[in-house]
Amino acid sequence: MISGFSKLNTKEKIDIIIKQADLSSKALDTLLSHHHNKLQETYNQFSENTISNFFLPFNIAPNFLINGKEYFVPMAIEESSVVAAASKAASFWYKHGGFEAKIIDTVKVGQLFFSTKESLEFINSHIEEITSRLISATDELTISMKKRGGGIKDIVLQKIEKTPDIYCFYVSFETKDSMGANFINSCLETMGEALVQYFDGCNKNAEIIMAILSNYTPQCIVECNVSCNINELKYWSGNLTPQEFANKFKQAVDIAKYNISRAVTHNKGIMNGIDAVVVATGNDYRAIEANIHAYAAKDGTYSSLSEVNTENDIFSYNLKVPLTIGTVGGLTKSHPMAALSMEILGNPNAIELMGVIASTGLANNFSAVASLITTGIQKGHMKMHLSNILLTLNASDMEKFKTIDYFSNKTVSYSAVQAFLNEHRKNKNLK
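I will try to describe carefully the structure that is included in this document. Everything quoted here is computed from the prediction, not taken from an experiment.

### Structural notes on the overall build of the protein chain
The helix and strand inventory of the protein chain stands at 18 helices and 10 strands. For the protein chain, the proportion of its 431 residues judged to be buried stands at 44%. Counting only contacts in the protein chain whose residues sit at least 6 apart along the sequence, the fraction spanning at least 24 positions is 70%. When the accessible area of the protein chain is evaluated, it comes to approximately 22,500 Å², of which 51% is carbon and sulfur surface.

### Some thoughts on the sheet that holds strand E8 (residues 221-229)
Taken together, 4 strands build an open sheet; the order of strands is E3-E8-E10-E9 and the sheet is antiparallel. Edge positions in the open sheet fall to strand E3 (100-103) and strand E9 (306-309), since each of these has one partner strand only. When the angles between neighbouring strand axes are averaged without regard to direction, this sheet yields 20°. As paired elements, E8 and strand E10 (residues 314-322) share 9 bridges and run antiparallel to each other. Along E10, the bridge assignment pairs Val 226 with Tyr 317.

### Observations concerning helix H15 (residues 350-372)
In a regular helix each residue adds 1.5 Å, so 23 residues correspond to 33 Å; H15 covers 33 Å between its end C-alpha atoms and thus fits that length. Burial runs high along H15: 18 of the 23 residues are buried. Near the N-terminus of H15, the side chain that reaches the backbone nitrogen of Ile 351, with its oxygen 3.2 Å away, is that of Asn 349.

### Here's the deal with the pairing of strand E6 (residues 166-174)
Strand residues, when the strand is regular, have side chains that alternate between the two faces of the sheet. Of all 9 residues in E6, 7 are buried; the element is thus mostly enclosed. Two strands pair when backbone bridges link them, and strand E4 (residues 108-115) and E6 are joined in this way by 8 bridges, in the antiparallel orientation. Bridge assignment links Gln 111 to a residue of E6, and that residue is Tyr 170. As judged from the 8 bridges shared by strand E5 (residues 151-159) and E6, these two strands associate in the antiparallel manner. Among the inter-strand pairings, Gln 158 is bridged to a residue of E6, identified as Cys 168. Counting the residues that bridge the hairpin from E5 to E6 gives 6 residues, and of these Lys 162 lies at a positive phi of roughly 60°.

### With respect to the environment of Thr 106
Among the secondary structure elements, Thr 106 is positioned in the loop between E3 and E4. On the basis of relative accessible area, Thr 106 is assigned to the buried category, the value being 13%. Counting along the chain gives 17 residues from Thr 106 to Ile 123, while the straight-line C-alpha distance between them is 29 Å.

### Here's the deal with the packing of aromatic side chains
Counted by the stated rule, this structure contains 24 aromatic pairs. A centroid spacing of 6.4 Å and a plane angle of 80° characterise the contact between Tyr 198 and Phe 199, whose relative ring orientation is edge-to-face. For the pair Tyr 198 and Phe 199, one class covers both residues: buried. With centroids separated by 6.1 Å and ring planes inclined at 70°, the aromatic side chains of Phe 315 and Phe 366 adopt a geometry described as edge-to-face. Note that Phe 315 is positioned in strand E10 and Phe 366 in helix H15, a separation of 51 residues in sequence. What makes Phe 366 buried here is its relative accessible area of 1%. Three or more aromatic residues link up through ring pairs in this structure, and these residues are Phe 92, Trp 93, Tyr 235, Trp 236, Phe 245, Phe 249, Phe 315, Tyr 317 and Phe 366.

### Observations regarding the packing of helix H6 (residues 127-137) against helix H8 (residues 181-201)
Viewed as axis vectors pointing N to C, H6 and H8 meet at an angle of 140°, and their least axial separation amounts to 8 Å. Regarding the angle of H6 to H8, the classification is oblique. As H6 runs across H8, the sense of the crossing is right-handed. For the pair H6 and H8, the contacting residues are Glu 129, Ile 130, Arg 133, Leu 134 and Ala 137 in the first and Thr 190, Met 191, Ala 194, Leu 195, Tyr 198 and Phe 199 in the second. Each residue belonging to the contact of H6 with H8 can be placed in one class, and the counts come to 8 nonpolar, 1 polar and 2 charged.

### Quick notes on the sheet that holds E6
Strand order in this open sheet of 4 strands is E5-E6-E4-E7, and the pairing throughout is antiparallel. In this open sheet, the two strands that pair with only one neighbour each are E5 and strand E7 (207-214). Between one strand and the next, the sheet's axes are offset by a mean angle of 20°, whatever the strand orientation. Against the sheet, H6 touches E5 and E6, its axis set at about 140° to E5.

### A closer look at helix H1 (residues 10-20)
Because each turn of an α-helix spans 3.6 residues, side chains separated by three or four positions in sequence point in the same direction. Where H1 starts, the residue carrying a side-chain oxygen 3.1 Å from the main-chain nitrogen of Lys 11 turns out to be Asn 9. Positive phi shows up at Asp 22, right after H1, with a value of about 55°.

### A look at the pattern of salt bridges
One pass over the structure, following the stated rule, counts 10 salt bridges. Asp 15 is the salt-bridge partner of Lys 11, the closest N and O atoms lying 2.9 Å from each other. Placement of the pair is Lys 11 and Asp 15 together in helix H1, with a separation of 4 residues, close to one helical turn. Residue classification places Lys 11 among the exposed residues on the basis of a relative accessible area of 58%. A salt bridge links Asp 299 to Lys 298; the nearest nitrogen and oxygen atoms lie 3.8 Å apart.

### Description of the environment of Gly 355
In this structure, Gly 355 sits in helix H15. The exposure class of Gly 355 is buried, given its relative accessible area of 5%. Here the alpha-carbon distance between Gly 355 and Phe 99, two residues 256 residues apart in the chain, equals 8.8 Å.

Scoring rules and cut-offs
Residues numbered from 1 in each chain as written. Predicted model: local features only at pLDDT ≥ 70, side-chain atom pairs only at ≥ 80, totals over all residues. Heavy atoms only, no water. Helix = DSSP H or I, 4+ residues; strand = E, 2+ residues; numbered from the N terminus. Buried < 20%, exposed > 50% of the residue type's maximum accessible area, 1.4 Å probe, protein only. Contact = heavy atoms within 4.5 Å. Areas by Shrake-Rupley, 256 points an atom, 1.4 Å probe, with all protein chains shown as cover. Pairing = 2+ DSSP bridges. Axes fitted to C-alpha atoms, helices over the stretch in contact; angles between N-to-C directions. Expected span 1.5 Å × (residues − 1). Polar contact = N/O pair within 3.5 Å; in protein donor to acceptor, adjacent residues only side chain to side chain. Phe/Tyr/Trp six-rings, centres within 6.5 Å; stacked < 30°, edge-to-face > 60°. Parallel < 35°, antiparallel > 145°, perpendicular 65-115°, else oblique. Left-handed = near helix turned anticlockwise from the far one by under 90°. Nonpolar A, V, L, I, M, F, W, Y, C, P; charged D, E, K, R; others polar. Salt bridge = Lys/Arg side-chain N within 4 Å of Asp/Glu carboxyl O.

Structure representation (structure tokens):
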């Protein structure tokens, strides 16, 4: 048990960890080598008990054409094949009209849970006055948001099933370019105080259980689409005809629609692109992951988030996902790389960024399914992974060059690369 750990300075924290975890002598060098020589104090303020930084590669996927506008899309991710897949799909669809993204809605939701012995009929009979009191209580908090066109949009009462005497006010918010978590939570807590006061004034009793935003926002939706003539899919079809490719592609997506095991992996391919852009722009990828996966199960079973249509010789691929993101507040401005990502994207508002994020998810998913139904996923993935294998095996520059050349037309695996290096190191053929 360590008391007061958070009050120690960075060196003291590191010393304790090295001693009590019995770390090797390299641990201190590793931690210090990942400190930023100019911005470490800034990074320390982002979190608690920071002792170093965990770097992710900052990558760019070029040639995204979204709603007629070109983008360099920043992606913070460690997997090179994800960036390559996004870039390849973006380049193809650039030549075929690009991505079309539209926002269905941007409503976010907060929940005020409370308990009372009073009946639902009593609450409903006073609902107009109660909701008016709740909204009025937040007037000071919502002034700035209202000026930007946001604020509280609606309040709906619901009895929580299978929980006696527990109710919830679902409060809908528009937070414009802000993700809005702090704004929503502050409003809800203020509403909770007002609700208790109202019940007290009626000589009734109500107790607040919790007031918190919901990360499930099934109304805050972005829809993204690409389409082309089926014959134009020749670029992707390999040994298949374009029509065979389109049919097989649809079969693969239909499988993900009805098979949960496949749906999880299919949607993970979408999240490869979405998460990478979300992280690069300083948004909350955990909330977005939870939201999107819950949305994938909204009809009672977990299913594919994307759909294919191949009618009338047109291949159309569509993705619809809930996205709650912000372009102001949080890390989007305070983290130097997140701020740079926003600048690279042209400092988009939240609606525009939703379109970019969804388009990147669709691009990654399209490339993944195309590979699965033609060459298989491993050929391209392991080619991109070869550099990581060579790094792990401490290959020299000449060894890297020779190995990459050797495996240019061969299947890559860790054991195969290791065997190749061992054989040629033994014979000194790579020096």
